[in-house]
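Architecture at a glance
Residue strings, one per chain:
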Amino acid sequence: MANILVVDDEHGIRELLFEILDDEGHNVIAAQNAAEARQARVNARPDLVLLDIWMPDTDGVSLLKEWSASGLLDMPVIMMSGHATIETAVEATRIGAMAFLEKPITMQKLLAAVEQGLTKGARQQMVKSGDYRGAAAPLAGSGYAGAAATGASPAGMAAQAVTTMAPNYNASGMGGSDHAVTPMAPMHLSTEQLLNQSPASNIQSFELDKPLRDARDQFEKSYFEYHLIQEGGSMTRVAEKTGLERTHLYRKLKQLGIDLSKAKKGQI
């Protein structure tokens, strides 16, 4: 687990990166401006920094230059921007940035850049401490002076309910021999109760006397909660099971109001 500092003035970006990196097991510190980043740099001693270029008070390149001039650039820094020029990226790497990520950042490029950065940082620390074992092997596409520029979310009770065999949930919620629409008395089971039942009784009801969008959201919430509990809150495995790219999965869970912290503790 590494300490990673995320510096970005956009709340949504900070929140998304926090959730992704936290799910990967890292300790994430978020800062919304240069002042908070300076304080976090001192208090948290990050192993890696993800630094946005365009910020309202002090921009990322200026902060990078400040750290470099003060001898504080002893950790890998990855710059981020949605509209930076090639000249800006080149200047940042000349100052000492390890890499440049163009927004919107794909999950694969983010995690690859973070892994390269942490590996590079570990090797730098080994060299600094005099432990050269494994520190000599070059890391392709990285380095403080050689960056990789990478481009690129109850009023009434229903008279009917959809009964679905829980182990056969799918993204559309339709089709398959285990699915049927039958009149029945409404029943309301939490996802945890659903999982604790025997396979023969793993059914859940959905009210049909509501707008399509609300009914769909109700199903999707139960669907994702089911898989989160099944996979122990692992976003990687849930993404694989549901067939969603992780960025889209995070946005969907947020939209549905699913608390990831509770999901990881099995408290949904």
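Report follows, based on the coordinates. Note that the structure is a prediction, hence the values are computed from the model and not measured.

1. Quick look at the overall build of the chain
- A count of helices and strands for the chain gives 10 helices and eight strands.
- Going through the 268 residues of the chain one by one, you find that 41% of them count as buried.
- In the structure as shown, the chain presents an accessible area of about 13,800 Å², 54% of it carried by carbon and sulfur atoms.

2. Some points on unusual backbone geometry
- The linkage connecting Lys103 with the following residue, Pro104, adopts the cis geometry, with an omega of -5 degrees.
- Looking at the element boundaries, Pro104 is found in the loop between strand S5 (99-102) and helix H5 (107-129).
- Here Arg45, not a glycine, exhibits a phi torsion of approximately 45 degrees, which is positive.
- Mapped onto the fold, Arg45 is located in the loop between helix H2 (34-44) and strand S3 (48-52).

3. Examining the pairing of strand S1 (residues 3-7)
- Most of S1 sits out of view: four of its five residues are buried.
- Of the strand pairs in this sheet, S1 and strand S2 (residues 27-31) are connected by five bridges, and their pairing is parallel. The residue bridging Asn3 from the neighbouring strand is Asn27, located in S2.
- Tracing the backbone out of S1, into helix H1 (residues 11-23) and back to the parallel element S2 gives a crossover that is right-handed.
- Both S1 and S3 contribute to a ladder of four bridges, which runs parallel. Within S3, the residue paired with Leu5 across the bridge is Val49.

4. Thoughts on the environment of Asn33
- With respect to the helices and strands, Asn33 occurs in the loop between S2 and H2.
- Looking at Asn33, the relative accessible area reads 19%, which means it is buried.
- Between the alpha carbons of Asn33 and Asp59 there is a distance of 8.5 Å; along the sequence they are 26 residues apart.
- Excluding its chain neighbours within four sequence positions, the residues that come into contact with Asn33 are Val7, Met55 and Asp57.
- A distance of 3.2 Å separates the side chain of Asn33 from the backbone nitrogen of Ala35, its partner in a polar contact.
- A distance of 2.8 Å separates the side chain of Asn33 from the backbone nitrogen of Glu36, its partner in a polar contact.

Rules used in this analysis
- Residues numbered from 1 in each chain as written.
- Predicted model: local features only at pLDDT ≥ 70, side-chain atom pairs only at ≥ 80, totals over all residues.
- Heavy atoms only, no water.
- Helix = DSSP H or I, 4+ residues; strand = E, 2+ residues; numbered from the N terminus.
- Buried < 20%, exposed > 50% of the residue type's maximum accessible area, 1.4 Å probe, protein only.
- Areas by Shrake-Rupley, 256 points an atom, 1.4 Å probe, with all protein chains shown as cover.
- Pairing = 2+ DSSP bridges.
- Right-handed = clockwise from strand over helix to strand, strands pointing away.
- Contact = heavy atoms within 4.5 Å.
- Polar contact = N/O pair within 3.5 Å; in protein donor to acceptor, adjacent residues only side chain to side chain.

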